[in-house]
Amino acid sequence: MKRVVLTYGTFDLFHAGHLSLLKRLKDLGDYLVVGVSTDKFNESKGKKTIISFQDRIKIISELKCVDLAIPEESWDQKIEDVKRFNASIFGMGHDWEGHFDFLRNHCEVIYLPRTEGISSTLLKNTLRAFDNSHVDDLKKALDLISSIVERFD
Ligand code: CTP
């Protein structure tokens, strides 16, 4: 019998932390189903992505370790999805520790260690540092530093 693993996420600006989590989850079973948060669902959480839902789900569904990518449209669909796919394992990164323990009545729930030093938020903040308004801020900061350094010349 196929051992189905189920997980969810936004997967904006797909990075090595996402890949590592999905590969480790796939290794726990035979068939990995990934719920990708829709733009509408993210909006309801106050989250805005750089990459659109259409592109995020396309990227996830093309990965070798992913067997099926489905839209995640609400917080409430998890129990139904566990039943629908007959999932043996529900897995997330450990930033979600405890949040989905209510699924333990239906399947095994596990939280895996996150990859240190990388996240979509970190990448967004790095990109933001390069936008025009911040380039102006950086120029001002550099001018200030130069003027301080000149005083010591
Ligand atoms: N994840 C991980 N290691 C990371 C980043 C994410 O294992 N460095 C996992 C999360 O724990 C989650 C899944 O990847 O189970 C999808 O997470 P998502 O929230 O889409 O990614 P983040 O990079 O954490 O995004 P954000 O910064 O917006 O929270």
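Description of the structure in this document. (Residues numbered from 1 in each chain as written. Predicted model: local features only at pLDDT ≥ 70, side-chain atom pairs only at ≥ 80, totals over all residues. Heavy atoms only, no water.)

1. Some words on the nonpolar core
Counting residues in hydrophobic clusters, the biggest one holds 18 residues, and the most contacted among them are L22, L25, L32, V34, V36, I60 and V66. Of all the elements in the fold, those that place two or more residues in this core are α1 (16-27), β2 (31-37), α3 (53-62) and β5 (108-112). Setting aside chain neighbours within four positions, we find L32 in contact with V5, T7, L22, L25, K26, C65, V66, D67 and L68. Ranked by size, the runner-up nonpolar core spans 15 residues in total, among them V4, I70, M92 and L103. (Core = buried A, V, L, I, M, F, W, Y, C linked by side-chain atoms within 4.5 Å. Buried < 20%, exposed > 50% of the residue type's maximum accessible area, 1.4 Å probe, protein only. Helix = DSSP H or I, 4+ residues; strand = E, 2+ residues; numbered from the N terminus. Contact = heavy atoms within 4.5 Å.)

2. Thoughts on the site of the ligand
Contacts to the ligand come from 16 residues, most closely from D95, T115, I118, S120 and T121. Contacts to the ligand include H18, whose side-chain N or O atom sits 2.8 Å from an oxygen atom. In this structure, R114 approaches the ligand through a side-chain N or O atom, which is 3.0 Å from an oxygen atom. Burial of the ligand by the protein amounts to 92% of the accessible area it has alone, namely 560 Å². Counting only elements with at least two residues in the shell around the ligand, the list comes to α1, β4 (89-93) and α5 (120-128). Per-element tally for the shell around the ligand: the top contributor is α1, with three residues. Looking at side-chain class alone, the shell around the ligand contains four nonpolar, nine polar and three charged residues. (Near = heavy atom within 4 Å. Polar contact = N/O pair within 3.5 Å; in protein donor to acceptor, adjacent residues only side chain to side chain. Areas by Shrake-Rupley, 256 points an atom, 1.4 Å probe, with all protein chains shown as cover. Nonpolar A, V, L, I, M, F, W, Y, C, P; charged D, E, K, R; others polar.)

3. Focus on the environment of D137
Mapped onto the elements of the fold, D137 is located in helix α6 (residues 132-151). For D137, a relative accessible area of 42% gives the class partly exposed. In sequence terms D137 and V5 are 132 residues apart; their C-alpha atoms lie 46 Å from each other.

4. Describing the sheet that holds β5
Pairing in this open sheet of five strands is parallel, and the strands run β3-β2-β1-β4-β5 from one edge to the other. The strands lining the two open edges of the sheet, one partner per strand, are β3 (68-72) and β5. The mean inter-strand angle of the sheet, taken between neighbouring strand axes irrespective of direction, is 25°. Running over the sheet, α3 touches β2 and β3 and is turned about 170° from β2. (Pairing = 2+ DSSP bridges. Axes fitted to C-alpha atoms, helices over the stretch in contact; angles between N-to-C directions.)

5. Notes on helix α4 (residues 77-85)
Within α4 the residues assigned to the buried category are Q77, K78, D81, V82 and F85. What you see down the axis of α4 is that its buried residues fit within an arc of 140°, all on one side. Of the exposed residues in α4, those oriented more than 90 degrees away from the buried face are K83 and R84. Taken together, the buried residues of α4 touch β1 (4-9), β2, β3 and β4. Of the residues trailing α4, N86 is marked for its positive phi of about 55°. (Arc of directions from axis to C-beta.)

6. Overview of the pattern of salt bridges
Overall, the coordinates contain nine salt bridges when judged by the stated rule. Between D67 and K26 there is a salt bridge; the shortest N-O distance is 3.0 Å. In this pair, D67 sits in the loop between α3 and β3 while K26 sits in helix α1, placing the two residues 41 residues apart along the sequence. Relative accessible area serves as the criterion here: at 33%, D67 is assigned to the partly exposed category. (Salt bridge = Lys/Arg side-chain N within 4 Å of Asp/Glu carboxyl O.)

7. Some remarks on the pairing of β5
A large share of β5 lies buried, amounting to four of its five residues. Sheet topology places β4 next to β5; five bridges connect them, and they run parallel. Directly across from G91, in β5, lies its bridge partner I110.

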